[in-house]
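A closer look at the structure
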Amino acid sequence: MKDPTSPATSNASSVVWPPIAVPGQGLPRNREERTEPRPDMGGATSDAPNRSTPGLPDSAGNPAPDGPEAQDGGGPAGAGSALLDDLRTAIGRYVVLPSDEALTAVTLWVAASHIQPGLQHAPRLAVVGPTKGCGKSRLLDVLYETVHQPMMTVNTSPAVVFRVIGKNPPTLLVDEADTIFGPKAGDKEDLRGLLNAGHQRNRPAWRISGPEHKPTAFPTFAMAALAGIGDLPDTIMDRAIVIRMQKRKPGERITPFRSRYSVPELHTLRDRLAGWLVPQRGTVAGAVPKMPVEDRAAETWEPLVIVADLAGGYWPARARAACLAMTRNEVVQDEQTTLKTRLLRDIRRVFDQEGGKEALRSQDLLAVLIQDAEAPWAEYGTKGLNAYHLANLLRDFGISPANYRFENSRQAKAYARNQFVDAWARYCPAPGEPVSAAGRSSRARPAQGQPSSPPSGSLPTGPPSGPAGPRPAR
């Protein structure tokens, strides 16, 4: 039933919308503050975003043209870039995301949903937070009104989802996703399998179907946003753009989400996105953008970078900056929560403290590890970490103890420093060390709440969501 208080859709453009809530800062207090240059918009004001932003580099780092050749694939005068600007502003109006990069990622993910029939991968959007009240469900509300063919799956059975995914799949929106993957998941295990398989095209789920009980292949390929408390399983997180939501601080204000004015605005943006991107589905099928990351991260972020390249302007540089920064942030999260990686870091610290020794006795190494009150080694197993545990944890890295003769000519089981060099470089590089294209780094990011600098020739190197910490136990 139509809301009699809602303005007509045709009049939605005449509504005066409140200003954007800057991530980490909330809404400005007066108009004078709103007209100050936004660093993330290339010097544009929030009331009149810069549509062309001359001088910013393209995806390859080359200077952007200033004349008519600066027009992008979205249409005359950078229509695609302007549309993404409008969408980004609208999303930021209703929810405060944890970082400027996260707002960019969500904007591009929404746009990518409109070209998913032409994509090879369907990235997940993992919207997670430590507690309730972090804005996860509100973000899903905004996504529901802007993505292509949304399908909310809070209480939907897996059988229904299997049957609605076809050549033009819906965009799945799963609230309370932590209930699907927890110990009480029960009959929702099929939905979990669908979400894992649907990240890549041509990964059907086979079921016995129909009165003749014939094996039937059901397509699983569909983009999905999942919101829940605590981290989702690694198989989902590895295929997702992770948005780590936080509770708003005092003073961080947002616009209330009300159907009478929110839905018409968002539907107008949705229709504009469809008008721009749907005709380009055939074009994007063969797109191979240059990516700043590799492997699974590149597969996940590729659809977002494709959209940014279609928009042109400063969006290609902005998308790759967000990709690199957010990917690195998740690497830091993994480093701090993986027990074996934690052990590598702690052993490196012990070797550094010992002043350049080439080898350490197993018992001496264990004694120092157990003495660290902030480390888990004193409580590992039933009586703390022992020599057997240590060798078992290091075995996967190709590291094992060996007989070593020390200065006093006495021989003992020991670990040599040179055994760890390769593993340290691969799994826990020290700050300042060269990083791989996958984005492994542990450099710090500017303080939470400060908008990032505009895209430039060099991409940011720090995690975008504040200091990384251990993931909540599941």
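Every chain is numbered on its own, with residues counted from 1 as its sequence reads. Predicted model: local features are reported for residues with pLDDT of at least 70 only, side-chain atom pairs are reported and counted for 80 or more only, and whole-chain, interface and lining totals are derived from all residues. Note that the side-chain values use all heavy atoms of the structure and ignore hydrogens as well as water.

Structural notes on the sheet that holds strand E7 (residues 240-244)
Keep this limit in mind: Pairing between strands is defined by DSSP: at least two bridges between them are needed. Runs of E in the DSSP output that reach at least two residues are strands. Runs of H or I that reach at least four are helices, and both are numbered from the N terminus. Helix axes are fitted only over the stretch in contact, all axes being lines through C-alpha atoms; the angle between N-to-C directions runs from 0 to 180 degrees.
In spatial order, the strands read E2-E3-E6-E1-E7; together these five strands make up an open sheet with parallel pairing. Because the sheet does not close on itself, it has two edges, and the strands there are strand E2 (150-152) and E7. The average angle at which neighbouring strand axes cross in this sheet is 20°, direction not considered. Here three bridges tie E2 to strand E3 (residues 171-174), and the two strands are oriented parallel to one another. Bridging across to E3, Met152 finds its partner in Leu173.

Regarding the pattern of salt bridges
Our working definition: Whenever a carboxyl oxygen of Asp or Glu lies within 4 Å of a side-chain nitrogen of Lys or Arg, that contact is scored as a salt bridge. Here's how the labels work: a residue is buried when its accessible area is under 20% of the maximum for its type, exposed when over 50%, partly exposed in between, all with a 1.4 Å probe on protein chains only.
As enumerated under the stated definition, the model contains 18 salt bridges in all. For the salt bridge of Arg270 with Asp271, the shortest nitrogen-to-oxygen distance reads 3.3 Å. A residue is classified by how much of its surface remains accessible, and Arg270, at 25% relative accessible area, is partly exposed. The salt bridge partner of Asp422 is Arg426, with a shortest N-O separation of 2.8 Å. Residue Asp422 and its partner Arg426 are both found in helix H16 (residues 421-427); the two are separated by four residues, about one turn of the helix.

Some remarks on the nonpolar core
Selection criterion: For the purposes of this section, nonpolar cores are sets of buried Ala, Val, Leu, Ile, Met, Phe, Trp, Tyr and Cys residues that join through side-chain atoms within 4.5 Å. We call two residues in contact when some of their heavy atoms are within 4.5 Å.
If you look at the biggest cluster of nonpolar residues, it comprises 63 residues, and the most contacted ones within it are Ile91, Leu97, Trp109 and Leu143. Setting aside chain neighbours within four positions, we find Leu143 in contact with Val106, Trp109, Val110, Leu125, Leu173 and Ala225. Counting 24 residues, the second-largest nonpolar core is a separate cluster that includes Val161, Phe162, Ala224 and Leu226.

Observations regarding the confidence of the model for the chain
For residues with low pLDDT, the predicted coordinates do not support detailed interpretation. Heads up, the condition is: Here pLDDT means the predictor's own confidence in every residue, given as a number from 0 to 100.
With 72% of its residues at a pLDDT of 70 or more, the chain has an overall mean of 76. Helix H3 (residues 100-112) holds the highest mean pLDDT among the elements of the chain, 97, whereas helix H1 (residues 31-34) holds the lowest, 36. Long-range and interchain partners of residues 1-74, a stretch whose pLDDT sits below 50, account for 144 contacts in this model, where long-range means more than four residues apart. Segment residues 434-474 is flagged for pLDDT under 50; beyond a separation of four residues in sequence, or across chains, it makes 107 contacts in the model.

Considerations on the packing of aromatic side chains
Centre-to-centre distance and the angle between the planes together describe a pair of aromatic rings. Filter applied, for reference: Stacked, tilted and edge-to-face pairs are distinguished by plane angle, under 30 degrees for stacked and over 60 for edge-to-face with tilted covering the rest, among Phe, Tyr and Trp rings (Trp via its six-membered ring) whose centres lie within 6.5 Å.
For the structure on display, the rule yields nine aromatic pairs. Note on Tyr94 and Phe257: the rings are 5.6 Å apart at their centroids and 75° apart in plane angle, and the pair reads as edge-to-face. Linking Tyr94 in helix H2 (residues 79-94) with Phe257 in the loop between E7 and helix H9 (262-277), this pair joins segments that are 163 residues apart in sequence. Aromatic side chains Phe351 and Phe420 sit 5.8 Å apart centroid to centroid with 55° between the ring planes, which places their arrangement in the tilted category. Here Phe420 lies in the loop between strand E10 (411-416) and H16 and Phe351 lies in helix H13 (residues 339-353), a separation of 69 residues in the sequence.

Some points on the environment of Ser113
Keep this limit in mind: Whenever two N or O atoms come within 3.5 Å, that pair is a polar contact, provided that in protein one can donate a hydrogen and the other can accept it, and provided that, for residues adjacent in sequence, both atoms are side-chain atoms.
Inspection of the secondary structure puts Ser113 in the loop between H3 and strand E1 (124-129). For Ser113, a relative accessible area of 0% puts it in the buried group. It is 9.4 Å that separates the C-alpha atoms of Ser113 and Pro150, two residues lying 37 residues apart in sequence. What Ser113 contacts, discounting residues up to four positions off in sequence, is Val147, His148, Thr171 and Met223. Side-chain polar atoms of Ser113 contact the backbone oxygen of Val110, separated by 2.6 Å. Reaching out from Ser113, the side chain makes a polar contact with the backbone nitrogen of His148 at a distance of 3.1 Å.

Focus: unusual backbone geometry
One non-glycine residue, Gln149, lies in positive phi territory at about 45°. Given a relative accessible area of 38%, Gln149 falls into the partly exposed group. In this structure, His213 takes a positive phi of about 55° despite not being glycine. Following the sequence through the fold, His213 ends up in the loop between strand E4 (205-209) and strand E5 (214-218). Residue class for His213 comes out exposed when judged on its relative accessible area of 57%.

Topic: the pairing of E3
The side-chain alternation of E3 yields two buried faces, one formed by Thr171 and Leu173 and the other by Leu172 and Val174. Here E3 runs beside strand E6 (residues 224-229); their pairing, made up of three bridges, is parallel. Pairing of Leu173 across the sheet is with Ala225, part of E6.

Notes on H13
Note that an α-helix has 3.6 residues per turn; residues three or four places apart therefore point the same way. What counts here: Multiplying 1.5 Å by the residue count of a helix minus one yields the expected span of that helix.
For H13, spanning 15 residues, the distance from its first C-alpha to its last is 21 Å, which sits close to the expected 21 Å at 1.5 Å a residue. Inspection of H13 places Thr341, Leu343, Leu344, Asp346, Ile347, Arg348, Val350 and Phe351 among the buried residues, and these make up the whole buried set. Looking at the residues trailing H13, positive phi occurs at Gly355, about 70°.

With respect to helix H14 (residues 362-371)
What counts here: Read the arc as the range of directions from the helix axis to the C-beta atoms.
Every buried residue of H14 is listed here: Ser362, Leu365, Leu366 and Leu369. The buried residues of H14 all sit within an arc of 100° when viewed along its axis, so they share a single face. Opposite the buried face of H14, by more than 90 degrees, sit the exposed residues Gln363 and Gln371. The inward-facing, buried residues of H14 abut H13, strand E8 (359-361), helix H15 (387-394) and E10.

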